[in-house]
Amino acid sequence: MSSGVAVPGGLQQLVEPDRGYVNPVIYTDPAIYQKELELVFGRSWLFLAHRSQLPRAGSFVQTYMGEDPVLVVRQRDGSVKAFLNQCRHRGMRICRSDQGVSKTFTCSYHGWGYDLEGNLVHVPKESRAYRDEIDKTRWGALKVPRIAEHKGFYFGTWSDDVPEFEDYLGDMAYYFDAVAGAWDDGLEFVGGTAKWVIDTNWKFASEQFASDMYHVPISHASAMIALSEDPRAWAAGDPPDEAPGRQFAGNGHGSGGFWRSHLEHAEFSFGPEYRDWLAANQDEIHRNLGADRPDKVLAHNTIFPNFSWLGLTPTMRVWHPRGPGQIEVWAWTYVPAGAPDRIKDLIRRVAQRQFSPAGVFETDDGENWTEIQLVLRGYKARTTTFNVQMGLGYEERDSHGLPGLSNDVYSETAARGFYQRWLELMSGLTWAEIGEREAARRAGEPAALPREVQKA
Ligand code: FES
Ligand SMILES: [Fe+2]
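Note that the structure is a prediction, hence the values are computed from the model and not measured.

Participant: I keep staring at the side chain of arginine 437 and nothing clicks. Help me out?
Facilitator: Relative to the helices and strands, arginine 437 resides in helix α16 (residues 431–442). Separated by 2.9 Å, the side chains of arginine 437 and glutamate 424 make a polar contact.

Written out as structure tokens, the structure is:
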């Protein structure tokens, strides 16, 4: 792998996950950001689309892998393929619709035409303009070489050496499946894609969803008080200090939240109609997840690097990076595909009220991230080390009935894991080297970066 980022002192001086140090220049530096596009987004598995967005042959959605626009297309044989949404003539977007159904894609600049796989199949005036000498097989759109499907979710990567998606997911599958695998018919995205821009670095959002329940009682206090039937309980500091909850970390991913009866939660967030429907259909969830996992569904989740969801409010999103100081949030509401329409609609409305561009919780989070990014405009501010030490040294493996490394809900184990993986990728380590380090950590051995990387 090519060399990582050349920063004075090396990236290892800026980010020290084992000690819980993060220097905020990683949220502002344009050179670091450009390297992230190459070394993080260019080498990780990235969420592309959900099955329900691609219902039939020719169905497509336009999305991004980092800042690269890609088209994700259902093929005639039922498989899903993806390719760079960039015409090989002069680089215009091949398809300009967000989503739809098509037989071919025609570039709006000079009209080169591509099939559902991204192969170049039509060149206007081919005889006269190109003397019939253009080899169309050489000028197809750049294909995303690897696509994986996990319970209806499609992920893609440009990397040829990143582990298979299931290995990349690792123990995070337990937490992902608590949502993705709860229902026999899987999930469905309803209500389209909500998109909005937040002036913040993508890592603030990804890391928060991986790791941060600590902000909930403070940042979301007013929303909780407004929603709660017993506002005084929240005002007095709910959730109570003894409320059980854990945080998981592994492979850069994270999941964390309080444990709570999912029926109680359903009543609190969605009201009695949803609670009763859920109670009537509990057997299905228990069959798929076991008896206690539904009550341990963790609120915040991120699959490294930028795909996040909430387990309690049904929202999923990608934090598309847009420069060091901006993200485009693309969010979807997920519902059980087999639920009746009135239940789907009820879920959609609650999700919109809580997490959407104007959602009562969403706006709290965005406000914090925007404000931090503004503070980081200061020279001193962007070079003053952050404390990411919560719960450092108190991690446990395979405890509390959970697979993998976990810690108390109020900890930053997943944040440290997130920055660990980020650092490994940004240091230019190969996936084989990253795998060795992961194995060494599992074995409880120190896993320092190789000497030559430390010197970079
Ligand atoms: S840029 Fe697409 S046909 Fe010219
Ligand atoms: Fe939040």
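Participant: Just to check I follow, could you spell out the packing of aromatic side chains for this structure?
Facilitator: The geometry of two aromatic rings is summed up by the distance between their centres and the angle between their planes. A complete count under the given rule lists 38 aromatic pairs for this structure. Stacked on the ring of tyrosine 174, the Lys or Arg arginine 293 has its end atom at 4.3 Å from the ring centre. Over the face of the ring belonging to tyrosine 64 we find arginine 322, whose NZ or CZ atom lies 4.2 Å from the ring centre.

Participant: Before we go on, may I ask you to explain empty space enclosed by the protein in this structure?
Facilitator: It is a probe the size of a water molecule, rolled over the atoms, that shows where empty space is left. Going through the model one piece at a time under the given rule, you end up with three cavities of 30 Å³ or more. Of the pockets and cavities examined, the largest cavity occupies roughly 360 Å³. Lining the largest cavity are 22 residues, and of these Trp183, Tyr274, Leu278, Gly311 and Tyr334 lie nearest its centre. Those elements that provide at least two residues to the lining of the largest cavity are α5 (172–180), α10 (262–270), α11 (272–280), α12 (282–289) and β19 (327–336).

Participant: Mind showing me how you'd approach the packing of helix α2 (residues 30–41) against helix α15 (residues 413–426) here?
Facilitator: Axis angle and axis distance: for two packed helices, these are the angle between their axes and the distance between the axes, and together they describe the pair. Between α2 and α15, the least distance of the axes is 9 Å, while the angle of their chain directions is 90°. On the basis of their axis angle, the class for α2 and α15 is roughly perpendicular. For the pair α2 and α15, contact is made by Ile32, Lys35, Glu36, Leu39 and Val40 and by Trp422, Leu425 and Met426, respectively. Of the residues belonging to the contact of α2 with α15, the class tally is six nonpolar, no polar and two charged.

Participant: Before we go on, may I ask you to explain helix α6 (residues 202–211) in this structure?
Facilitator: In an α-helix there are 3.6 residues to a turn, and that puts residues three or four apart on one side. Of all ten residues that make up α6, ten are buried, and the element is covered over most of its length. Those residues of α6 lying buried are Trp202, Lys203, Phe204, Ala205, Ser206, Glu207, Gln208, Phe209, Ala210 and Ser211. For α6, the N-terminal cap is asparagine 201; the gap from its side-chain oxygen to the backbone nitrogen of lysine 203 is 2.9 Å.

The rules behind each value
Residues numbered from 1 in each chain as written. Chains lettered and ligands numbered in written order. Predicted model: local features only at pLDDT ≥ 70, side-chain atom pairs only at ≥ 80, totals over all residues. Heavy atoms only, no water. Helix = DSSP H or I, 4+ residues; strand = E, 2+ residues; numbered from the N terminus. Polar contact = N/O pair within 3.5 Å; in protein donor to acceptor, adjacent residues only side chain to side chain. Phe/Tyr/Trp six-rings, centres within 6.5 Å; stacked < 30°, edge-to-face > 60°. Lys NZ or Arg CZ within 6 Å of the ring centre and 35° of its normal. 1 Å grid on protein atoms, 1.4 Å probe; cavity = no way out; pocket = protein on both sides within 12 Å on 5 of 7 lines; lining within 4 Å. Points joined across faces, edges and corners; volume = space filled by probe spheres on them. Axes fitted to C-alpha atoms, helices over the stretch in contact; angles between N-to-C directions. Parallel < 35°, antiparallel > 145°, perpendicular 65-115°, else oblique. Contact = heavy atoms within 4.5 Å. Nonpolar A, V, L, I, M, F, W, Y, C, P; charged D, E, K, R; others polar. Buried < 20%, exposed > 50% of the residue type's maximum accessible area, 1.4 Å probe, protein only.

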